[in-house]
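So you can see what is in the structure, the chains are spelled out below.
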Amino acid sequence: MRKNLPMILIRVIVGLVFLTEGILKFVYPGELGWGRFAHIGLPYPHVLAPFVGAVEIAAGGALILNLNAGDAALLLLIVILTAIFTTKAPILLGHHLGVFAPPKLDHYGVLSFIHEARTDLCMLFGLVAI
């Protein structure tokens, strides 16, 4: 059991973060669901946000319970890579990436990207570990 503890902890914390974020897309749709997706510039935000929220809830729960954790991690990798590409890559570049604009920040580039993407990067690396 002790040998498996680090992976269990990674699965549980990554699962909890995604489960919570999925729930929040339904609890605060204008701020964290379809409204955020529309602001980012994603297509069909009224459809895409609830779909992503449902994936985050189901896959996050699967990680926590260790039910098809590898498949759940793969789904969540798609979610987190999309989030990094659409919201954090413009910070790294310091300009628009297609329709995806960087937020108004004092600084852009590698250090700003790492700062702004720290949670996303932790989720990414946690999912890769799973």
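Let us look at the structure shown here. (Residues numbered from 1 in each chain as written. Predicted model: local features only at pLDDT ≥ 70, side-chain atom pairs only at ≥ 80, totals over all residues. Heavy atoms only, no water.)

1. Some details on the nonpolar core
Phe18, Leu63, Ile80 and Leu127 are the most contacted members of the largest nonpolar core, which has 27 residues in total. Of all the secondary-structure elements, those providing two or more residues to this core are helix H1 (5-27), helix H3 (34-40), helix H4 (45-65), helix H5 (69-93) and helix H7 (118-129). If you tally residues by element for this core, the top one is H5, at 9 residues. Look past the residues within four positions of isoleucine 80 in its chain and what remains in contact with it is Phe18, Asp120, Met123, Leu124 and Leu127. (Core = buried A, V, L, I, M, F, W, Y, C linked by side-chain atoms within 4.5 Å. Buried < 20%, exposed > 50% of the residue type's maximum accessible area, 1.4 Å probe, protein only. Helix = DSSP H or I, 4+ residues; strand = E, 2+ residues; numbered from the N terminus. Contact = heavy atoms within 4.5 Å.)

2. A word on H7
For H7, with 12 residues, the first-to-last C-alpha span of 16 Å sits near the 16 Å given by 1.5 Å per residue. Within H7 the residues assigned to the buried category are Asp120, Leu121, Met123, Leu124, Gly126 and Leu127. For H7, the elements touching its buried residues are H1, H4, H5 and helix H6 (110-116). (Expected span 1.5 Å × (residues − 1).)

3. Here's the deal with the environment of arginine 36
Turning to its location among the elements, arginine 36 is positioned in helix H3. Judged by relative accessible area, which is 35%, arginine 36 ranks as partly exposed. In this structure, arginine 36 is in contact with Gly30, Glu31 and Thr87, ignoring residues within four places of it in sequence.

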